[in-house]
Amino acid sequence: MKLIKRLVGITLVLLLAAVLFLVSSSINPSEQLKNVQANTSWENIIEPTLSNANVTAQGVSTEVSLNSVQLNQLLKSSLTDSENQELLNSAYNIEGNKLRIQYPVKLLFINSKLDLEVNVTVLNNVLHITIDSAKLGSLPIPKSWVTGILKQRLQDSNSSITTEGDSFLLALPQSQYSINKISFQNGAAKIQFSMGYGI
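When its secondary structure is counted, the protein chain shows five helices and eleven strands. With 199 residues in all, the protein chain has 39% of them scored as buried. Contacts in the protein chain between residues far apart in sequence, at least 24 positions, make up 56% of those at least 6 positions apart. For the protein chain, the exposed area adds up to about 11700 Å²; of that, 55% sits on carbon and sulfur atoms.

Below is the structure:
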């Protein structure tokens with residue numbers, strides 16, 4: 001009986017140690033959006049591509065390709081107000097055909113992060129973000145847990161992000177340009193813009 005108790009105790013200690021090892025993690029401060037130098041805007045990115053734009057009866061459309069650095073600069077220039085502190089504390093990278101978001105969390109005394117791969121679509125100038133896979137540190141966790149946790153945190157914060165079902169919605173800044181489509185391919189964000197006549 002003592003041997004069984006000892007084995008159970010050792011197993012629990014090892015399991016707890018393994019979870020702590022996998023969960024313990026943090027975001028590199030230099031990658032957090034709040035520490036990115038924002039020296040560009042949507043207009044600065046789009047205007048050089050207008051010479052190759054498609055002209056139709058409805059207006060002008062063009063596509064830009066952004067790497068992670070450029071995407072972060074644009075995000076930072078769009079989210080400099082204090083109501084988006086949750087977003088500014090996170091880190092964003094394009095990895096292959098996915099957008100990776102690292103979101104800081106603290107579990108009791110342990111610094112960790114939600115490491116998310118997300119899908120992004122756009123509709124009526126609003127980004128719709130859905131979680132494709134999730135990890136807490138290095139520990140894989142169900143994405144439904146993460147969705148619930150993030151919804152609760154957003155309710156408690158002053159963020160401009162809203163929710164709809166399992167999607168997180170972020171309204172894009174008003175501009176003369178409309179974003180029609182976003183996709184991630186080979187480490188780059190492909191963004192299709194359009195501008196109607198008379199705007």
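Here the focus is the confidence of the model for the protein chain. Low pLDDT means the predicted atomic positions in that stretch should not be read closely. Model confidence for the protein chain is summarised by a mean pLDDT of 79, while 84% of its residues fall at 70 or above. Within the protein chain, helix α1 (residues 2-23) has the poorest average pLDDT of any element, 65, and strand β3 (residues 91-95) the best, 92.

A word on the environment of S194. Among the secondary structure elements, S194 is positioned in strand β11 (residues 188-196). Residue S194 is classed as partly exposed on the basis of its relative accessible area, which comes to 21%. If near-sequence neighbours (up to four positions away) are discounted, S194 is found in contact with V60, S61, Q176, Y177, S178 and N180.

Summed over all chains, the structure comprises three salt bridges. A salt bridge links D132 to K98, with the shortest nitrogen-to-oxygen separation between them at 3.1 Å. Linking D132 in strand β6 (residues 126-136) with K98 in strand β4 (residues 98-107), this pair joins segments that are 34 residues apart in sequence.

Turning our attention to helix α3 (residues 68-78). Restricting attention to buried positions, one finds in α3 the residues S68, L71, N72, Q73, L74, L75 and K76. Capping the start of α3 is the job of one residue whose side-chain oxygen sits 3.1 Å from the backbone nitrogen of V69: N67.

Thresholds, definitions, all that
Residues numbered from 1 in each chain as written. Predicted model: local features only at pLDDT ≥ 70, side-chain atom pairs only at ≥ 80, totals over all residues. Heavy atoms only, no water. Helix = DSSP H or I, 4+ residues; strand = E, 2+ residues; numbered from the N terminus. Buried < 20%, exposed > 50% of the residue type's maximum accessible area, 1.4 Å probe, protein only. Contact = heavy atoms within 4.5 Å. Areas by Shrake-Rupley, 256 points an atom, 1.4 Å probe, with all protein chains shown as cover. pLDDT = per-residue confidence, 0-100. Salt bridge = Lys/Arg side-chain N within 4 Å of Asp/Glu carboxyl O. Polar contact = N/O pair within 3.5 Å; in protein donor to acceptor, adjacent residues only side chain to side chain.

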